[in-house]
Amino acid sequence: MKGVVILGSTGSVGASTLDVIARHRDALRVVALTARSNDARLFEQCLEHRPDVAVLVDWLAAGRLAEQLQAAGLATRVLRGEAALDEVVRLPETDVVMAAIVGAAGLLPTFAAARAGKRLLLANKEALVMSGSLLIEAVRASGAQLIPIDSEHNAIFQCLPAAAVAGQRPPGLRRILLTASGGPFLGTPAEQLCAVTPEQACAHPNWVMGRKISVDSATLMNKGLELIEACWLFGVTPDDIEVVVHPQSVVHSMVEYLAGSVLAQLGNPDMRTPISHALSWPERWESGVEPLDIVGQGRLTFEAPDLERFPCLGLAQRAARAGGTMPTILNAANETAVQSFLDGHLNFTSIPTVIEGVLNCAAAAPVPNLDTILAVDRAARQAAANLIARLDGAAPDSVAGALG
Ligand code: NAD
Ligand code: MG
């Protein structure tokens, strides 16, 4: 019996994880469920999955949850505040931690899991983008197992030799082909991108995901973050990775070896496949995902990304090549700009403008420790917020002037 903690259980990945766990109650037990503030959703999840502990970061929401659980007669203990996330991760009965909090908020509990030597299922790509060298080192030092959940990285992991070590380039590898759906605006003309709404950006053609990653998929920043993520996970450089647009989202990525073999992992676009793989690894368990109808699918297509309409991918490649704190700065500027877009204060096409403005003012510095990362993250968010304040309400064609 393995004990599982889910960081971010009320989100899209969290819900898919609980769906897989419910199919394997003989092998998996929920130790703790955690979320930011959605007490209603967490209460429902507690009723169904009976965790030992439930954590809400928001104190008022945690109070409401405790009352509801008591009234329902459940023994689940409620903890509140950020420190409680680390606490449940470190419990001796925790074997597996699903890191599925969105954004930089997931950094510290993800590190807690790596340092405690747990099996770390990493969905929270922002943690790796912000602090890849430190996280890989923490995993190595504690002997934790790091299994990627991002569908592309999980696909690559499945195509690597069984002896592959996190952070080390696998022998014989020539390059990685990182597939991208292209997002909802793959065919949208450049002049129409400025006016797209958050609802349009969040309507992904193949995946149902949280709002932040949905916007990242629409700008192609998601692929940029994934490129950086792949560099850390597999010990490769940005030049070892080719991004390929594959609108059907059936091939989840490919690994090319020196002998010319290209291995791919295919499947329906459903996060329960990588989640089930990582929960059961090295075994392979049922996940509830429909079998792939390859004949019905018929055609699989591949094309190069358009870096002019989607500059975020190029910005991420630039940050990846610069290294040091640059990916941290990129991530902070992106999170700030995406939130501003979702809140209606920024145009879609101004997201890369803000990120580029922040990168242009920054220089890559070494990454000695987490405190440096957190300080750089705060400063980059402030720089992005300052740019956004200057852009808010500016006509789209005067954006460059507003920043000049
Ligand atoms: P989501 O928005 O649906 O859920 C986010 C979860 O994080 C929620 O449970 C929320 O309560 C929690 N959370 C948010 N802020 C928090 C805070 N400050 N403290 C504690 N908890 C907090 O997001 P998602 O789509 O499930 O994505 C989660 C992560 O997985 C992201 O990093 C995303 O990039 C990655 N990912 C998601 C998918 C997908 O299909 N959704 C695929 C690949 C990778
Ligand atoms: Mg992905």
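Residues numbered from 1 in each chain as written. Chains lettered and ligands numbered in written order. Predicted model: local features only at pLDDT ≥ 70, side-chain atom pairs only at ≥ 80, totals over all residues. Heavy atoms only, no water.

**Student:** Run through the packing of helix α1 (residues 12-22) against helix α12 (residues 272-280), naming residues and quoting values.
**Tutor:** At a minimum axis distance of 9 Å, the contact between α1 and α12 shows a crossing angle of 60°. On the basis of the axis angle, α1 is oblique to α12. Handedness of the crossing formed by α1 with α12: right-handed. Taking contact as the criterion, the partners of V13, S16, T17, D19, V20 and I21 in α1 are, on α12, R272, I275, S276 and L279. (Axes fitted to C-alpha atoms, helices over the stretch in contact; angles between N-to-C directions. Helix = DSSP H or I, 4+ residues; strand = E, 2+ residues; numbered from the N terminus. Parallel < 35°, antiparallel > 145°, perpendicular 65-115°, else oblique. Left-handed = near helix turned anticlockwise from the far one by under 90°. Contact = heavy atoms within 4.5 Å.)

**Student:** So what's going on with the sheet that holds strand β9 (residues 241-245)? Which residues, and what values?
**Tutor:** Sheet strands associate in pairs through backbone hydrogen bonding, adopting either a parallel or an antiparallel arrangement. Across the sheet, which stays open at both edges, the four strands sit in the order β9-β8-β10-β11 with mixed pairing between neighbours. This sheet does not close on itself; its edge strands, each paired only once, are β9 and β11 (262-266). Ignoring which end each strand starts from, the neighbouring axes of this sheet average 20° apart. Relative to β11, strand β10 (residues 251-257) runs antiparallel, the two being bridged by four bridges. Each bridged residue has a counterpart across the sheet, and for V255 the counterpart in β11 is L263. Here helix α7 (residues 151-158) sits on the sheet and contacts β8 (173-180), β10 and β11; the angle it forms with β10, its principal contact strand, is near 40°. Here helix α11 (residues 221-234) sits on the sheet in contact with β8 and β9, set at roughly 150° to β8. (Pairing = 2+ DSSP bridges.)

**Student:** Got a sec to walk through the sheet that holds strand β4 (residues 77-80)? Specific residues and values, please.
**Tutor:** Pairing within the open sheet is parallel, and its seven strands lie in the order β4-β3-β2-β1-β5-β6-β7. Edge strands, defined here as strands with exactly one partner in the open sheet, are β4 and β7 (145-148). Adjacent strand axes in the sheet meet at a mean angle of 20° when their direction is disregarded. Where strand β5 (residues 96-99) lies against strand β6 (residues 119-122), four bridges are found, and the strand directions are parallel. What sits directly across from V97, in β6, is L120. Strands β3 (53-56) and β4 of the sheet are contacted by helix α3 (residues 59-71), whose axis makes an angle of about 175° with β4.

**Student:** Could you give an account of the side chain of S9, naming the residues involved and the relevant values?
**Tutor:** Residue placement: S9 occurs in the loop between β1 (2-7) and α1. Taking relative accessible area as the criterion, S9 reaches 0% and is therefore assigned buried. If we ignore the near neighbours within four places in the chain, the residues touching S9 are G14, A15, L18, L33, T34, L42 and Q45. (Buried < 20%, exposed > 50% of the residue type's maximum accessible area, 1.4 Å probe, protein only.)

**Student:** Pulling in residues and values, what's your account of the site of ligand 1?
**Tutor:** Surveying the vicinity of ligand 1 reveals 22 residues, the closest of which are T10, S12, V13, E126 and G210. Interatomic distance of 2.9 Å between a backbone N/O atom of R36 and an oxygen atom of ligand 1. Within the backbone of G210, a nitrogen or oxygen atom sits 2.8 Å from an oxygen atom of ligand 1. Taking 830 Å² as the accessible area of ligand 1 by itself, protein coverage stands at 89%. When contributions to the shell around ligand 1 are tallied by element, the ones reaching two or more residues are α1 and α6 (125-142). In the shell around ligand 1, the residues fall into eleven nonpolar, seven polar and four charged. (Near = heavy atom within 4 Å. Polar contact = N/O pair within 3.5 Å; in protein donor to acceptor, adjacent residues only side chain to side chain. Areas by Shrake-Rupley, 256 points an atom, 1.4 Å probe, with all protein chains shown as cover. Nonpolar A, V, L, I, M, F, W, Y, C, P; charged D, E, K, R; others polar.)

**Student:** Now, about the environment of I21: what can you tell me, with residues and values included?
**Tutor:** By the secondary structure assignment, I21 is in helix α1. Spatially, the C-alpha atoms of I21 and G73 are 23 Å apart, while their sequence positions differ by 52 residues.

**Student:** So what about the coordination of the magnesium ion (ligand 2)? Which residues, and what values?
**Tutor:** Around the magnesium ion (ligand 2), the protein contributes the donor atoms D150 (OD), E152 (OE) and E226 (OE), at 2.1 to 2.2 Å from the metal centre. Between consecutive donors of the magnesium ion (ligand 2), the numbers of intervening residues give the motif D-x1-E-x73-E. With a gap of 76 residues between them, D150 in the loop between β7 and α7 and E226 in helix α11 connect regions that are remote in the sequence. For D150, a relative accessible area of 8% translates into the label buried. (Donors = N, O, S within 2.8 Å, 3.2 Å for Na, K, Ca; no water.)

**Student:** Hey, could you go over the nonpolar core for me, with residue numbers and the actual values?
**Tutor:** Counting residues in each nonpolar core, the largest one holds 94 residues, and the members touching the most others are L330, F348, I351 and I355. Every residue in contact with L330, bar those within four places of it in the chain, is listed here: M221, L225, I228, L315, A316, A319, I355 and L359. Core analysis: the second largest hydrophobic core is formed by 34 residues, V4, V78, A100 and I147 among them. (Core = buried A, V, L, I, M, F, W, Y, C linked by side-chain atoms within 4.5 Å.)

**Student:** Go over unusual backbone geometry, please, and point to the residues and values.
**Tutor:** Each neighbour pair has its own omega, and for W281 with P282 the value is 5°, a cis peptide bond. Turning to its location among the elements, P282 is positioned in the loop between α12 and α13 (294-297). Backbone geometry places R50, a non-glycine residue, at a positive phi of 45°. Tracing the sequence through the fold places R50 in the loop between α2 (39-49) and β3. Backbone geometry places L220, a non-glycine residue, at a positive phi of 75°. Within the fold, L220 resides in the loop between α10 (211-219) and α11. Judged by its relative accessible area of 4%, L220 is buried.

**Student:** Now, about the packing of aromatic side chains: what can you tell me, with residues and values included?
**Tutor:** Using the criterion set out here, one finds three aromatic pairs in the structure. Here the aromatic rings of F185 and F348 are separated by 5.2 Å at their centres, their planes lie at 80°, and the arrangement is edge-to-face. Pair noted here: F185 is in the loop between β8 and α8 (190-193) and F348 is in the loop between α15 (326-342) and α16 (350-360), with a separation of 163 residues, a long-range link. Given a relative accessible area of 5%, F185 falls into the buried group. Judged by centre distance (5.6 Å) and plane angle (65°), the ring pair of F341 and F348 falls under edge-to-face. Looking at F348, the relative accessible area reads 3%, which means it is buried. Grouping aromatic residues by their ring pairs yields a cluster made of F185, F341 and F348. (Phe/Tyr/Trp six-rings, centres within 6.5 Å; stacked < 30°, edge-to-face > 60°.)

Purely spatial values, then, with no claim about function.
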